[in-house]
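Residue strings, one per chain:
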Amino acid sequence: MAPVLESERLRQRLPSGPWSDLQVLDRVGSTNAVLSADPRPWRVVIANFQTAGRGRLDRQWQAPEGTSIALSASMPLPADTARWGWVPLLVGVAVRRALRRLTQLDVGLKWPNDVLICTASGLWRKVGGILCEAVAGATPMVVIGIGLNVWQKEQELPSDAATSLFLNGVYVDRETLIVQILNELVEVENAWHTTVLDNEYRNSCVTVGQFVKVSSAQAGDVNGVAVDIDELGRLVLDQDGERVPHSVGDIVHVRPAPPSDGLPGQVPSRARPADRARFVDQIEEQLLGSPRTLRRAEVSALAGVDEAFSRSLWRALGFANARDDDVVFNQQDVEAVKAMVAMVRSGLVTEQTAIGIARAVGRSTDRMAAWLLQLISDMMLADEGFEVDTTRAGDVAERMVQVSEEVVPLVEYVTRRNIANSIARMVADAEPESHVGVVRTVGFADLVNFTRRVRSMSERDLALLVIRFESLVSDVVALAGGAIVKTVGDEVLFTHRTVAGATQIAFDLVEAVERDPLLQRIRVGVATGRVLGRQGDVYGNTVNRASRLTGHAAPGEVLVDGDTAEVLRRIEGIDVFDVGPITLAGVGDVQAAAVSRTGSHTHTHADPQSADDESPTSATQEEPTP
């Protein structure tokens, strides 16, 4: 049995806010009845055991002691009575948010007052219910009753249509869940006088899109497809082509019909890409946990920050600059802004640094996301010629969502590991006296004849070539303990803390590329000296020398500057061939040498223009840093 709930312990766990009056009762008939008898706003009554709990239509609700949450809260109703029909629906949004934050469950809402879980069998089962009762008084209020199955076993459930968190592999203490629900109720109440959360409910409602039966005393049974929730919170059915709203007051029973291909008028629970906008919105909601419901000003207000900062943060993350009236944000955006603001206000970082952090994360993850999606797409479409139509696009998208559940924790782990590695390199580079930049050996390599080959390649073959090159480079550089600064198609810029390590990478790249019939030939320039690291890139004369040396290297050759050559002369197993001074554009005269592993071949430096009329692109060539 779960621990007994205690008033004082719960009060201590709630942050400062409106819930000043919280009471836990050991045994009570109905928590809703307790609050309705003394209607004051922002009160909470929780029962360890409720003997006469009520659901809609005065149905009895009871659970074994210690196995569930039986909670009632009193809150002010919106001033606009037209919004009252939305109150129980938005309470459902708050409960769903709480469950989504604390569990990995797929949580849905059945109109108008049930909270559902999609079980491992793929069936929706009821895990909780909501009962909202308006209370008259000087200030119109609503008493909200929430019942949630937490620890029940199968034999303790009221019906086969019910489930509990425990039966779905979730082990969460009731106190934590209660605190989260109360916090979410405050967030929802802040906005329930507006329509900003309505679409979040619509997208969470499993009733919409299903063929349902509505029973009422006045009209009897009515069948139709649930197509919308209207502005008053009513369920809209398509009944023989006519859109008919049904209010809470005249609904006795609404239940999604089981899927059936032969059921006329049935709409799939998830839109397919034929309805592209809706499909993308649903995919985004699944990834982020909530749909687009907020405008920029609303995000700023909920996060407690001025719009200028949230706009700068959004741009730094690399997202489209939305117009003020666009509903493109959700609760995750609010939480992200809150986290960044908290770092600034605590003094941990400056506002400028916070924007820089956002830019670093945005740029890195944008490329990573595109790369991951391409990998999944190639895997799924390889047998179909890599052709993408709307159906295949939908299949790839849904597979990517599934993969992301495993990838996101991996990204967190790798990020932490790479931060640790970066700190280790910084400490190792620290010197008694302050210097600009750090000493690194920089390598720049590019594929030979790439531009010519591209002209005769299909897009598919080009993609395969680039992927092959990036994979090969990643393996070679990682094995030698180096770091890839960036890859741009046929080029790679890498660094190593030692001359020997960078030169090993250069040799291994030449040999690996020559063994690969698709890649064929590569040339490499290597230079040693100080570099300045900024935004994950490196700058300075050392980078420029490596880049320009590559343009003078012959196919299959590794060309190094004088400082690198002097170190390599003292390393056994490496041959160094002086080439003499070379004039590098923007750099000047540099003593250069061609290097190779001893016994690999007889080396003869040649003018690269005789074998290839290309030179490295300007993507990674920098002007000398002052």
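Residues numbered from 1 in each chain as written. Predicted model: local features only at pLDDT ≥ 70, side-chain atom pairs only at ≥ 80, totals over all residues. Heavy atoms only, no water.

Some details on helix H15 (residues 541–552)
Consideration 1: Look at H15: 17 Å from first C-alpha to last across 12 residues, which is about the 16 Å you get at 1.5 Å a residue.
Consideration 2: Taken across its 12 residues, H15 has 10 buried, putting it largely inside the fold.
Consideration 3: Within H15, the full set of buried residues consists of Thr542, Val543, Asn544, Arg545, Ala546, Ser547, Arg548, Leu549, Thr550 and Gly551. (Helix = DSSP H or I, 4+ residues; strand = E, 2+ residues; numbered from the N terminus. Expected span 1.5 Å × (residues − 1). Buried < 20%, exposed > 50% of the residue type's maximum accessible area, 1.4 Å probe, protein only.)

Quick notes on the nonpolar core
Consideration 1: In this structure, Trp19 and Leu165 are the most contacted members of the largest nonpolar core, which totals 79 residues.
Consideration 2: Residue contributions to this core peak at 9 residues, all from helix H3 (residues 87–102). (Core = buried A, V, L, I, M, F, W, Y, C linked by side-chain atoms within 4.5 Å.)

Section: the sheet that holds strand E6 (residues 107–110)
Strands pair in a sheet through their backbones, by hydrogen bonds, and they do so in one of two ways: parallel or antiparallel.
Consideration 1: The sheet built from 7 strands is open, its strands ordered E1-E2-E5-E9-E8-E7-E6 with mixed pairing. Two strands in the sheet have a free side with no partner beyond their single neighbour: strand E1 (21–28) and E6. The mean angle between the axes of side-by-side strands here comes to 20°, regardless of whether they run parallel or antiparallel.
Consideration 2: For strand E7 (residues 114–118) and strand E8 (residues 124–135), the ladder comprises 5 bridges, and the chain directions are antiparallel. What sits directly across from Asp114, in E8, is Gly129.
Consideration 3: Here H3 sits on the sheet and contacts E6, E7, E8 and strand E9 (141–149); the angle it forms with E6, its principal contact strand, is near 165°.
Consideration 4: The sheet strands contacting helix H4 (residues 174–189) are E1, strand E2 (43–50), strand E5 (68–76) and E9, and the helix crosses E5 at an angle near 25°. (Pairing = 2+ DSSP bridges. Axes fitted to C-alpha atoms, helices over the stretch in contact; angles between N-to-C directions. Contact = heavy atoms within 4.5 Å.)

Considering the packing of aromatic side chains
Consideration 1: Within this structure, the stated rule accounts for 6 aromatic pairs.
Consideration 2: Where Trp151 meets Phe166, the ring centres are 6.1 Å apart and the plane angle is 45°; that geometry is what we call tilted. Within this pair, whereas Trp151 is found in the loop between E9 and H4, its partner Phe166 is found in the loop between E9 and H4, the two being separated by 15 residues in sequence.
Consideration 3: Residue classification places Phe166 among the partly exposed residues on the basis of a relative accessible area of 27%. (Phe/Tyr/Trp six-rings, centres within 6.5 Å; stacked < 30°, edge-to-face > 60°.)

A look at the packing of helix H8 (residues 307–316) against helix H9 (residues 331–345)
Consideration 1: Taken N-terminus to C-terminus, the directions of H8 and H9 make an angle of 105°; their axes are 11 Å apart at the nearest point. Regarding the angle of H8 to H9, the classification is roughly perpendicular. Residues Phe309, Leu313 and Trp314 of H8 lie in contact with H9, whose contacting residues are Asp333, Val337, Met340 and Val341.
Consideration 2: Residue composition of the contact of H8 with H9, by class: 6 nonpolar, no polar and 1 charged. (Parallel < 35°, antiparallel > 145°, perpendicular 65-115°, else oblique. Nonpolar A, V, L, I, M, F, W, Y, C, P; charged D, E, K, R; others polar.)

A closer look at the pairing of strand E18 (residues 522–534)
Consideration 1: Of the pairings in the sheet, the one linking strand E15 (residues 438–447) to E18 comprises 10 bridges and is antiparallel in character. Looking across to E18, one finds that Val442 is bridged to Ala527.
Consideration 2: Where E18 lies against strand E20 (residues 558–561), 3 bridges are found, and the strand directions are parallel. Bridge pairing links Gly525 to Leu559 in E20.

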